[in-house]
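Residue-level listing of the chains:
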Amino acid sequence: MIRLIVSFTFFLVIGLLGYNYFFGTEQEKEQAQEIFAKGAEVVGASADLLEAEYEKFKEGKYDKSLQNISNFLSNVKEKGGELVVEIDSWEKRKNDWNQKKNDIEKLLDSDSDLKNEEIKKIIQDLEIEGGLLRNEGKLLKEKAN
């Protein structure tokens, strides 16, 4: 429902800006041009952000910390204990995350038809999931100690 309201509002604003740009008074036309110019700046800044996040992503923003946690949990798992099931579950989700990361890297390297916003959303979701995995891994590590 909220998504519908946001979409409707977005298209209403774009429609009003377009109308004012072509059919409005001189003041309305100037205002619409200013807003469009600022929108272009936002798009440019978003593209720069996406590029920076992509570089961080390729550099392995989460890889090292997830690998360290995985190694520690493997050692605990070898010794046995009550956490084995939780560790197995975490490792499976970490492996799934790594697969998703590899898939998005292939997608980013290919000439995909996805829009920047869609790719940005996928990367954000993947980063959130990686952060959650890292936090959960830290909790498991604390339980093991």
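Small disclaimer: the values here were computed from a predicted structure and weren't measured.

## Details of the environment of Trp-97
Looking at the element boundaries, Trp-97 is found in helix α4 (residues 84-109). Given a relative accessible area of 1%, Trp-97 falls into the buried group. The spacing of Trp-97 and Gly-130 is 33 residues in sequence and 7.1 Å in space, taken between C-alpha atoms. A polar side-chain atom of Trp-97 sits 2.8 Å from the main-chain carbonyl oxygen of Leu-126.

## Structural notes on α4
An ideal rise of 1.5 Å per residue puts 38 Å on 26 residues; α4 measures up with 37 Å between its terminal C-alpha atoms. Those residues of α4 that sit buried are Ile-87, Trp-90, Glu-91, Lys-94, Trp-97, Lys-101, Ile-104 and Glu-105.

## Remarks on the nonpolar core
With 15 residues, the main nonpolar core has Leu-73 and Trp-90 as its most contacted residues. Contributions of two or more residues to this core are made by α2 (26-58), α3 (63-79), α4 and α5 (116-144). The element best represented in this core is α5, accounting for five residues. If we skip the residues at most four places from it in the chain, Leu-73 touches Ile-87, Trp-90, Leu-140 and Lys-141.

## Considerations on the layout of surface pockets
If you add up the space inside the largest pocket, you get close to 450 Å³. As for the largest pocket, its lining consists of 14 residues, of which Phe-10, Gly-39, Val-42, Val-43 and Glu-117 are closest to the centre. For the lining of the largest pocket, the secondary structure elements donating two or more residues are α1 (2-23), α2 and α5. Its residues placed into classes, the lining of the largest pocket shows nine nonpolar, three polar and two charged.

## Points about the environment of Gln-124
Within the secondary structure, Gln-124 sits in helix α5. Between the alpha carbons of Gln-124 and Leu-50 there is a distance of 9.8 Å; along the sequence they are 74 residues apart.

Reading guide: rules and limits
- Residues numbered from 1 in each chain as written.
- Predicted model: local features only at pLDDT ≥ 70, side-chain atom pairs only at ≥ 80, totals over all residues.
- Heavy atoms only, no water.
- Helix = DSSP H or I, 4+ residues; strand = E, 2+ residues; numbered from the N terminus.
- Buried < 20%, exposed > 50% of the residue type's maximum accessible area, 1.4 Å probe, protein only.
- Polar contact = N/O pair within 3.5 Å; in protein donor to acceptor, adjacent residues only side chain to side chain.
- Expected span 1.5 Å × (residues − 1).
- Core = buried A, V, L, I, M, F, W, Y, C linked by side-chain atoms within 4.5 Å.
- Contact = heavy atoms within 4.5 Å.
- 1 Å grid on protein atoms, 1.4 Å probe; cavity = no way out; pocket = protein on both sides within 12 Å on 5 of 7 lines; lining within 4 Å.
- Points joined across faces, edges and corners; volume = space filled by probe spheres on them.
- Nonpolar A, V, L, I, M, F, W, Y, C, P; charged D, E, K, R; others polar.

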